[in-house]
Amino acid sequence: MSPVAEPTTATRTPLHVTGELLATKKVGAYRHLTVVAPGVPERFRPGNFVAVSIGAPGSDTTRLARRAFWIHQVKPVGGYGATLQLVVEPTGPGSQWLGSLAPGARLEVTGPLGRPFALPKEPVSCLLVGEGYAAAPLFPLAERLRERGCAVNLLVAGADEAHLLSALEARRSARAVTVVTRDGSVGLRGEVADVVDDVLGRAQAEVVYAAGPLRTLHAVAEAAEAHGAWSQTAVEQPLTCATGLCQGCPVPVVGEDGVARRVRACADGPVLRGDRVRWAELLGEAGEPT
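To keep things clear, this report deals only with the structure shown in the data block. (Residues numbered from 1 in each chain as written. Predicted model: local features only at pLDDT ≥ 70, side-chain atom pairs only at ≥ 80, totals over all residues. Heavy atoms only, no water.)

Things to note about the overall build of the protein
So, step 1. The helix and strand inventory of the protein stands at seven helices and 15 strands.
So, step 2. Computed over the C-alpha atoms, the radius of gyration of the protein is 18 Å, within 12% of the 19 Å expected from 2.2 N^0.38 for a compact globule of 290 residues.
So, step 3. Within the protein, the proportion of its 290 residues that are buried is 51%.
So, step 4. With an accessible surface of roughly 12,600 Å², the protein has 51% of that area assigned to carbon and sulfur atoms.
So, step 5. One finds the centroid of the 29 positive side-chain charges in the protein at a distance of 5 Å from the centroid of its 29 negative side-chain charges. (Helix = DSSP H or I, 4+ residues; strand = E, 2+ residues; numbered from the N terminus. Rg over C-alpha atoms; globule rule 2.2 N^0.38 Å. Buried < 20%, exposed > 50% of the residue type's maximum accessible area, 1.4 Å probe, protein only. Areas by Shrake-Rupley, 256 points an atom, 1.4 Å probe, with all protein chains shown as cover. Lys, Arg positive; Asp, Glu negative; His and termini not counted. Charge placed at Lys NZ, Arg CZ, Asp CG, Glu CD.)

Things to note about helix H5 (residues 192-203)
So, step 1. For H5, built from 12 residues, the straight-helix expectation of 16 Å at 1.5 Å per residue is met to within 8% by its first-to-last C-alpha distance of 15 Å.
So, step 2. Restricting attention to buried positions, one finds in H5 the residues Val-192, Val-195, Val-196, Val-199, Leu-200 and Ala-203. Buried residues of H5, seen end-on, are gathered within an arc of 140° and therefore sit on one face of the element. Relative to its buried face, H5 has exposed residues pointing more than 90 degrees away, namely Asp-194 and Arg-202.
So, step 3. For H5, the secondary structure elements touched by its buried residues are strand E7 (125-131), strand E8 (151-158), strand E9 (176-181), strand E10 (188-189), strand E11 (207-211) and helix H6 (214-226).
So, step 4. Following H5 by one or two positions, Gln-204 adopts a phi angle in the positive range, close to 50°. (Expected span 1.5 Å × (residues − 1). Arc of directions from axis to C-beta. Contact = heavy atoms within 4.5 Å.)

Considering the side chain of Thr-178
So, step 1. Relative to the helices and strands, Thr-178 is located in strand E9.
So, step 2. Residue contacts for Thr-178: discarding those within four places in its chain leaves Leu-154, Leu-155, Val-156, Leu-188, Val-199 and Arg-202.

Encoded structure:
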């Protein structure tokens, strides 16, 4: 029996709206954007994301494909109601364009999209593992879990201090926090794979949630299975349409019937059971070592 309840579909109907960039702030290697997107925050569940059109609405700006971004927070702002907090790492032309916008810019936003994290049916010990900007959806998840009486433990990782997402916020969100950086500038030196087994054992977690690079998700799923815990992984793939129509973000999985198949990261995911993903195949397709 699954210790988590399946997310409902009624609250996941996405909207396409023209929103407004209310504020932008540089935090380490990332930009945190506050976006007014009427109707979208009210439909949000942790693990959902939004797709943002690149280029100014109604202009002749050359448009690239839409970009998908995790929702970090939903927060009320006086006079605007609930707003979306997005985390952007400005690396490519699309994210750099978005990160360069000034408050007041208009944005075309579609969301919330994707399958969210499923929540435990009863209060249990939970471990949340996030690396880089992809840790964003774990913070609203931590709030929901605490509301349900769950013990929340966080493992936050990044390449260095600049790529750690909201380490201080993490300490306010969890009973215990472990910080790991590859260069050792903050917390423990190493990778998630080096410490997750020990952290999971100390937390005695029954449910494990993870968001980050594929190699990290694979390590977490393996550790959870070894400890007899139930894992959910937010699998991030390059998205084209972000709505499931183009079939361009396949993830190899094993279905409940034991048959190998492919599902869409954007519509059937991004949250997938860790023990259902065929990690070796997925990592191979992504060109990462297995």
